[in-house]
Amino acid sequence: MATTPNSLVLEISGVKIVPQSNYHSGNSVKVKLLPNTKSPIARRTPTIYGRTNTPRGLQQIKSSHMAAQNVDSTDDRISRISSSIRVIADFPKPGILFQDITTLLLDPKAFKDTIDLFVERYKEQNINVVAGIEARGFIFGAPIALAIGAKFVPLRKPKKLPGEVISEEYSLEYGTDIMEMHVGAVQAGERALVVDDLIATGGTLSAAIRLLERVGVDVVECACVIELPELKGRNLLGDKPLFVLVS
Amino acid sequence: MSVCKEDDPRIDGIQSRIRVVPNFPKPGIMFQDITTLLLDPKAFKDTIDLFVERYKSKNITVVAGIEARGFIFGPPIALAIGAKFVPLRKPKKLPGKVFREEYDLEYGSDCLEMHVGAVESGERALVVDDLIATGGTLCAAMNLLERAGAEVVECACVIEIPDLKGRDRLKGKPLFVLVESQ
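Residues numbered from 1 in each chain as written. Chains lettered and ligands numbered in written order. Predicted model: local features only at pLDDT ≥ 70, side-chain atom pairs only at ≥ 80, totals over all residues. Heavy atoms only, no water.

Under an unreviewed UniProt entry, the name given to chain B is adenine phosphoribosyltransferase, and the organism recorded is Fraxinus pennsylvanica. Under the UniProt heading Catalytic activity (unreviewed entry), the entry covering chain B gives this text: "AMP + diphosphate = 5-phospho-alpha-D-ribose 1-diphosphate + adenine". (UniProt positions renumbered as here; feature names shortened; annotations may be inferred.)

Labelled according to an unreviewed UniProt entry, chain A appears under the name adenine phosphoribosyltransferase, originating from Fraxinus pennsylvanica. Listed in UniProt under the heading Catalytic activity (unreviewed entry), the comment for chain A reads: "AMP + diphosphate = 5-phospho-alpha-D-ribose 1-diphosphate + adenine". Turning to chain A, the UniProt record has this under Subcellular location (unreviewed entry): "Cytoplasm".

Here is the structure:
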């Protein structure tokens, strides 16, 4: 394959193929297939499901700090993270535009930047516990916990955790589900961060907050990669702040 | 052949943080619970470091983690060695096109799925899970990666239950573990 400049986008059979500079090797450029990234539905409703590059709450991260660490600016990192997320129409059911973070995980720099942005925010906040919501919250929560020296506590679907657990029921669109945490994983007075890949209605995150508060933990903030603001998930979090990278 | 880091001083701390819960998920099973390991930041960090030290110079381009506990150990390893992370999931969790691999359980069967396009032909892969028992899940994981054209370099687990001979189901691929458990 001849060398391809980064700005060239090839269209083959209606599928966009975007060259990625980090896959460049020798004279060939490996390309990442992005099936249906810009589906017609996504284009029609950009204000509901589109992503912007204006992350909430990141203004306080100073750019001088970025320069000192030799990292890209916050905006540059957010831009790359945002564009690495794949949108899949009609999953898990018709009408839903699913925000797929697995494509972000395929870009080591974007994944690292994602974790770094959270770590930069929380490392000085004396967080003792990072609680990650099964299963995609594990992918982001565990690296954050490691980087800030906090415990990692998995919040799981029923019957996955062995031994004594406490359970919290929460509403779904139809019916309810249950979230569990180990007894003894956290202590009263500890400062916790709750992590998930995405906040939609806020039902799952608010269940996590309730679980932690029932044992006396101080939930400092909820952190997600993506927010779907029109679903108003923030309203279900009570007085707990929410920090997201992509809205 | 399984390799185990018995001589490293960090292993004792890791092993002592693993909690055994009897009769879970059913009578007679001694469940190896790694959640207590995750409550000790130093032991959790040591766990990841031991894997990273082994793999950072092996040109691994993809770390595949098996849902869900493989999602706790796999991503930190991937991040540290600069590899992609690919989640291998139960059915119907991954959106879009997937490869699907069925495997046997004690009673019945289960499935593991991987995204089409996540892994490219010729990539060098590491498969990560918290524990290897019979090896059925790891074998399914390896099959998925090989179907996509990747080379599975090694399987890595925190814990092995040697009596269950899981390493014999890895199609000749090496297994690296930190802790062996009866």
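With that settled, consider the interface of chain B and chain A. The interface of chain B with chain A comprises 35 residues on the first partner and 37 residues on the second. Interface area for chain B against chain A, summed over the two sides, is near 2,900 Å², with a carbon-plus-sulfur share of 71%. Counting the contacts that link chain B with chain A gives 0 salt bridges. Taken together, the links from chain B to chain A amount to 7 residue pairs in polar contact (both at pLDDT 80 or more). Elements represented by at least two residues in the side of chain B that touches chain A include exactly β2 (19-22), β3 (30-33), α2 (35-38), α3 (41-55), α4 (70-81) and β5 (84-88) of chain B. Here the side of chain B that touches chain A gets 5 residues from one element, more than from any other, and that element is α4(B). (Contact = heavy atoms within 4.5 Å. Buried area = accessible area lost by both parts, 1.4 Å probe. Salt bridge = Lys/Arg side-chain N within 4 Å of Asp/Glu carboxyl O. Polar contact = N/O pair within 3.5 Å; in protein donor to acceptor, adjacent residues only side chain to side chain. Helix = DSSP H or I, 4+ residues; strand = E, 2+ residues; numbered from the N terminus.)

Further remarks concern the pattern of salt bridges. Inspection of every chain in the model, using the stated rule, returns 34 salt bridges over all chains. Residues Asp72(A) and Lys109(A) are paired through a salt bridge, measuring 2.8 Å at the closest nitrogen-oxygen approach. Of this pair, Asp72(A) sits in the loop between α3 (63-69) and α4 (74-84) while Lys109(A) sits in helix α6 (residues 108-122), and the two are 37 residues apart along the sequence. Look at Lys109(A) and you get partly exposed, because its relative accessible area is 32%. Between Asp40(B) and Arg17(B) there is a salt bridge, and its shortest N-O distance comes to 2.4 Å. Of this pair, Asp40(B) sits in the loop between α2 and α3 while Arg17(B) sits in helix α1 (residues 10-17), and the two are 23 residues apart along the sequence. Residue classification places Asp40(B) among the buried residues on the basis of a relative accessible area of 17%. Accessibility expressed as a relative area gives 34% for Arg17(B), which makes it partly exposed. (Buried < 20%, exposed > 50% of the residue type's maximum accessible area, 1.4 Å probe, protein only.)

What follows concerns α4(A). Along α4(A), the residues classified as buried are Thr74(A), Arg77(A), Ile78(A), Ile81(A), Ser82(A) and Ser84(A). For α4(A), the buried positions fall inside an angular range of 165° around the axis, keeping them on one side. (Arc of directions from axis to C-beta.)

This paragraph deals with the UniProt feature "domain: Phosphoribosyltransferase" (unreviewed entry) in chain B. Within this structure's numbering, the places UniProt gives as "domain: Phosphoribosyltransferase" (unreviewed entry) are residues 40-168 of chain B. Between the C-alpha atoms that bound residues 40-168 of chain B the distance is 32 Å, and the span itself is 30% helix and 33% strand.

Summarising the model, chain B shows a mean pLDDT of 95, and 97% of its residues fall at 70 or more. Of the two predicted TM-score estimates for the complex, the pTM is 0.85 and the ipTM is 0.96. (pLDDT = per-residue confidence, 0-100.)

One broad rule of soluble globular proteins: the nonpolar side chains tend to lie buried together. Counting residues in hydrophobic clusters, the biggest one holds 72 residues, and the most contacted among them are Val130(A), Phe140(A), Val63(B) and Phe73(B). The element best represented in this core is helix α7 (residues 136-148) of chain A, accounting for 8 residues. Core analysis: the next-biggest nonpolar cluster, separate from the first, contains 28 residues, Ala64(B), Tyr103(B), Leu112(B) and Ala150(B) among them. (Core = buried A, V, L, I, M, F, W, Y, C linked by side-chain atoms within 4.5 Å.)

All names here are of chain B. Look at α1 against α3: their axes get within 9 Å of each other, and the N-to-C directions meet at 125°. Our classification of the angle between α1 and α3 gives oblique. With respect to the hand of their crossing, α1 and α3 are arranged in left-handed fashion. Contacts between α1 and α3 involve Arg10, Ile11, Gly13, Ile14 and Arg17 from the first element and Ala43, Asp46, Thr47, Asp49, Leu50 and Glu53 from the second. The class makeup of the residues in the contact of α1 with α3 is 4 nonpolar, 2 polar and 5 charged. (Axes fitted to C-alpha atoms, helices over the stretch in contact; angles between N-to-C directions. Parallel < 35°, antiparallel > 145°, perpendicular 65-115°, else oblique. Left-handed = near helix turned anticlockwise from the far one by under 90°. Nonpolar A, V, L, I, M, F, W, Y, C, P; charged D, E, K, R; others polar.)

All names here are of chain B. Examined against the element boundaries, Ile60 turns out to sit in the loop between α3 and β4 (62-66). For Ile60, a relative accessible area of 7% translates into the label buried. The spacing of Ile60 and Ala83 is 23 residues in sequence and 6.4 Å in space, taken between C-alpha atoms. With residues up to four places along the chain from it excluded, the contact list for Ile60 reads Tyr55, Ile81, Ala83, Arg124, Ala125, Leu126 and Val153.

Residues and elements named next belong to chain A. In spatial order, the strands read β7-β6-β10-β11-β12; together these 5 strands make up an open sheet with parallel pairing. The outermost strands of the open sheet, each flanked by one partner alone, are β7 (151-155) and β12 (242-246). Recorded for the sheet is a direction-independent mean angle of 25° between the axes of neighbouring strands. In this sheet, β12 lies alongside strand β11 (residues 218-227) in parallel orientation, the contact comprising 4 bridges. Counterpart to Ile226 in the pairing with β12 is Val246. (Pairing = 2+ DSSP bridges.)

Before going further, it helps to spend a moment on the pairing of β4(B). On a regular strand, one side chain projects to one face of the sheet and the next to the other, so that they alternate. All names here are of chain B. With 5 of its 5 residues buried, β4 lies for the most part within the structure. Side chains of β4 alternate between two faces, with Val62, Ala64 and Ile66 and Val63 and Gly65 buried alike. The parallel pair β4 and β5, bridged by α4, forms a crossover whose chirality is right-handed. One ladder, built from 4 bridges, connects β4 with strand β8 (residues 124-132); its direction is parallel. Note on β8: the bridge partner recorded for Val62 is Ala125. (Right-handed = clockwise from strand over helix to strand, strands pointing away.)

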